[in-house]
Structure formats: structure tokens, C-alpha cells
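Chain by chain, the residues:
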Amino acid sequence: MMIEVSSLQKEYGDKLALKGIDFAVADGEVFGFLGPNGAGKTTTLKILAGQLQPTGGQATILGMEVTAQKEAVQLNIGFVPEKTNLYERLTVAQNLQFFCRLYNCKTDNMDEYLHKVNLLKEKNTPVKQLSKGMKQKVLLVRALLHRPKLLFLDEPTSGLDPTSADNMHRILQDINKAGTTIFLTSHNMEEVEKLCHRVAFLNEGRIVAQGSPEELKLQHADRTLRVLLDDGSKEEKVLDMDCKETSTLVSCWLRHGKVRAIHSSEPTLADIFVKVTGRDF
Ligand code: ATP
């Protein structure tokens, strides 16, 4: 397993931000951690990345305990924070070189990654002249320079326009295909649905559902069929899939060429979240 978390807790003073969570992420997966503001996503991410001490439970990465074996863990992970923490007056290359000196890694793959994210031309541009999307890509390159096995991203596309977000998604999919496991937090259900093999919903410090998007949708499907007939009426017939009469009725309509459209109602991840937590986004 790449990540194993059991009964993980975090208290801030008398506030219990994580109330004992359990999950595991396999090697090669893209795993999404979803939840509304204050759910505990960033807290979990920071504990896993060794930036915060848990107050209970256990978390391991590649079998190593994240706090006791912090240095060894750091060599295997990359971290992309939600907020840019680059040196605005330094160029892209200077920022990356600075990071490499700090973490004692080589810069030999810097150009390769800058090319991958289409930023090679901006290598000698001061960071302050870059757009938010470009800065986000610099953060991504910075997190990849030491070729980590696991990449953490906190809200990777928050504040990006749809084209830049799409671009970032493609890059993340490529990185994952090349073998890097990805753990990301997001508010964005579409993003998670597009990128993640498995997801966990976090609410008020607890995991309230987890599985692949497909599994969750099947579990929470309401098994209704909506049929629009070709009889001039605009009203859809709503039928229960598990009712015996439904198949007779639908096959009769189909035989007589009366059906204009049929939809099964599959819930979105956002629908499922509302259902399992009673909270809206
Ligand atoms: P967001 O989507 O807004 O980033 P989140 O799911 O990442 O939210 P966290 O930042 O992990 O949530 O916060 C979880 C809870 O812990 C919140 O109630 C928050 O107010 C509280 N919290 C976070 N950091 C601290 C801190 N340093 N001191 C006290 N409470 C904190």
C-alpha cells in the first residue's frame, strides 16, 4: 500500500478536527479527498506530508510512519500547496534551483518537466509576471523534481479558469500514467470524477463514504427510469426499475415506436454527498 491511515485523529486545542479516520491508497491510484470547508482535508494532507503531528492513530506511507520516519517519507513525496509560496521576484529557474539546494536534489530534470507543463519559455521569467495557472504549474514542477513516488495536491485547480484547469488535469493524468500515485483534495466534484480512481467524502472530521465514483453511484442510484413518449406530451413518465410492470410497459412502448427518449437517473457525486451528509456544497 502507498498510504495506510487508521483511527487518525487531530485536535486543535479543544476542537477535534479529525475524529478517527481510516482509509488506504494503493500504489498507482489517483485518490480524491472531498469535503466542504472545514471538513479536515488540509489537516489530513498536512499530517501525511509530515507538516503536522497527529494527536492519535497512525498514518504510514510505503510502510513508514509519517512522523517517526519523516525524513525517509519526505524523499518519496511531493507536495503542491493550495496557496502559492514561490519567491515572486525570483525567476522560475531560480525558484526551482533554490528548492533543489534546500532538498539536496539535482536539477537535471528541470527542463524536462518545464517542457511537460509548457513553461520552458518562461524559465527565466520572474514568477510575479506569471498567471495563477502558470504559478500552479511551477509548484507542480517543484514538487516533482526529486521524482517522488507519491504526489499530494491541495485543491490543485482552485481559482483557475476552465482551460487552465483542463490543462492541469491532463498533466496530472500523464504523471499518474507514468507511475506516480496521486492524492488530492478538492471541492470540485467534476474534477474528482474525471481524475480519481477512488474517493473519500469527509464531513466534520469523519469519512462518511468511500469507493470508486462508479461504485458510489451504483450504491446510491435511485433506480428510476424516465421515459419521454412520442405522443406530443412533454411530461416524462417516471418508472421504478425494480417493478415488474416497468419492463412490460417499456417494451410495449418501444415495440410501437412510441419512445422519444429513455434516461436512467444516475446520481452525481454532489448528489451523493448531499445524501450522505445532509450538507450542501
Ligand atoms: P477548506 O476546504 O476550507 O480548506 P478543510 O477541509 O481543508 O477546509 P481544515 O483546514 O483541515 O479543513 O480544518 C478542519 C477544522 O480544523 C476546521 O474546523 C478548522 O477551523 C480547524 N483548524 C484548522 N487548522 C487549525 C489551527 N491551526 N488551529 C485551530 N483550528 C484549526
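Residues numbered from 1 in each chain as written. Predicted model: local features only at pLDDT ≥ 70, side-chain atom pairs only at ≥ 80, totals over all residues. Heavy atoms only, no water.

**So, the side chain of serine 186**
Using the following cut-off: Helix and strand labels come from DSSP, where a helix needs a run of H or I of at least four residues and a strand needs a run of E of at least two; each type is numbered from the N terminus. The definition of a polar contact used here is a pair of N or O atoms within 3.5 Å, where within protein one atom must be able to donate a hydrogen and the other to accept one, and adjacent residues in sequence count solely through side-chain atom pairs. By the convention used here, residues are in contact when the closest approach between their heavy atoms is within 4.5 Å.
Topologically, serine 186 is positioned in strand 8 (residues 181-186). At 3.0 Å, the side chain of serine 186 forms a polar contact with the side chain of glutamate 191. Non-local contacts of serine 186, meaning those with residues more than four positions away in its chain, are made with Phe33, Leu34, Gly35, Lys41, Glu155, Glu191 and Val192.

**Some points on the pairing of strand 12 (residues 236-240)**
The condition is simple: Criterion used throughout: strands pair if DSSP finds at least two bridges between them.
Across 5 bridges, the pairing between strand 11 (residues 224-229) and strand 12 is antiparallel. When the bridges of strand 12 are listed, arginine 226 appears paired with valine 238. From the end of strand 11 to the start of strand 12, which pair antiparallel, there are 6 residues, and glycine 232 there has a positive phi angle of about 85°.

**Points about the site of the ligand**
For clarity, the threshold we go by: Neighbouring residues are identified by heavy atoms, a residue being near a molecule or strand if any of them is within 4 Å of it. Areas reported here follow the Shrake-Rupley algorithm with a probe of radius 1.4 Å; residue values treat only the protein chains shown as occluding. Three categories are distinguished: nonpolar for Ala, Val, Leu, Ile, Met, Phe, Trp, Tyr, Cys and Pro, charged for Asp, Glu, Lys and Arg, and polar for the others, with Gly belonging to the last.
Residues in close proximity to the ligand include Tyr12, Lys15, Ala17, Pro36, Asn37, Gly38, Ala39, Gly40, Lys41, Thr42, Thr43 and His187, which together make up its full environment. Taking threonine 42, its side chain carries an N or O atom lying 2.7 Å from an oxygen atom of the ligand. The side chain of threonine 43 places a nitrogen or oxygen atom 2.5 Å from an oxygen atom of the ligand. Here the ligand loses 61% of its free accessible area of 640 Å² to cover by the protein chains. Those elements giving two or more residues to the shell around the ligand turn out to be strand 2 (15-25) and helix 1 (41-48). Looking at the shell around the ligand, its residues break down into 4 nonpolar, 6 polar and 2 charged.

**Concerning the nonpolar core**
What counts here: Working definition of a nonpolar core: buried Ala, Val, Leu, Ile, Met, Phe, Trp, Tyr and Cys residues. They are joined through side-chain atoms within 4.5 Å. A 1.4 Å probe rolled over the protein chains alone gives each residue an accessible area, and that area as a share of the maximum for its type sets the label: buried under 20%, exposed over 50%, partly exposed in between.
The biggest cluster of nonpolar side chains holds 43 residues, and the ones touching the most others in it are Leu140, Leu145, Leu151, Leu172 and Phe201. Examining the composition of this core, we find that 6 residues originate from one element, helix 5 (residues 132-144), more than from any other. Excluding residues that lie within four positions of it along the chain, leucine 151 makes contacts with Gly78, Phe79, Val80, Leu140, Ala143, Leu144, Leu172, Thr180, Thr181, Ile182 and Phe183. Listed in part, the 28 residues of the second largest apolar core include Phe31, Ala49, Val66 and Leu150.

**Considerations on the packing of aromatic side chains**
As a reminder, the rule being used: Here is the rule: rings of Phe, Tyr and Trp (six-membered ring for Trp) pair when centre to centre is within 6.5 Å. Planes less than 30 degrees apart are stacked, more than 60 are edge-to-face, and the remainder are tilted.
Considering all chains together, one arrives at 9 aromatic pairs under this definition. Here tyrosine 87 and phenylalanine 98 contribute two aromatic rings whose centre-to-centre distance is 5.2 Å and whose plane-to-plane angle is 80°, an arrangement assigned as edge-to-face. Highlighted residues: tyrosine 87 in the loop between strand 6 (77-80) and helix 3 (92-103) and phenylalanine 98 in helix 3, separated in sequence by 11 residues. On the accessibility criterion, tyrosine 87 (44% relative accessible area) is partly exposed. Among the aromatic residues, ring-to-ring pairing joins Phe23, Phe31, Phe33, Phe152 and Phe183 into one connected group.

**Topic: the pattern of salt bridges**
Short version of the rule: For salt bridges, the criterion is a side-chain nitrogen of Lys or Arg within 4 Å of an Asp or Glu carboxyl oxygen.
As enumerated under the stated definition, the model contains 10 salt bridges in all. When the shortest N-O distance is used, the salt bridge between aspartate 242 and arginine 223 registers 2.9 Å. With a gap of 19 residues between them, aspartate 242 in the loop between strand 12 and helix 9 (244-255) and arginine 223 in the loop between helix 8 (213-220) and strand 11 connect regions that are remote in the sequence. One network of salt bridges, with partners in common, ties together Glu193, Lys217 and Glu266.

**Brief notes about a nonpolar patch on the surface**
What counts, and what does not: The patches reported here contain residues having more than 30% relative accessible area and no salt bridge. Joining distances are 9 Å for like charges and 5 Å for nonpolar side chains (Val, Leu, Ile, Met, Phe, Trp, Tyr).
A cluster of nonpolar residues, Tyr87, Leu90, Phe98, Leu102 and Tyr103, forms a patch on the protein surface that exposes about 480 Å² of accessible area. Note that tyrosine 103 resides in helix 3. According to the relative accessible area criterion, tyrosine 103 is partly exposed, its value standing at 45%.

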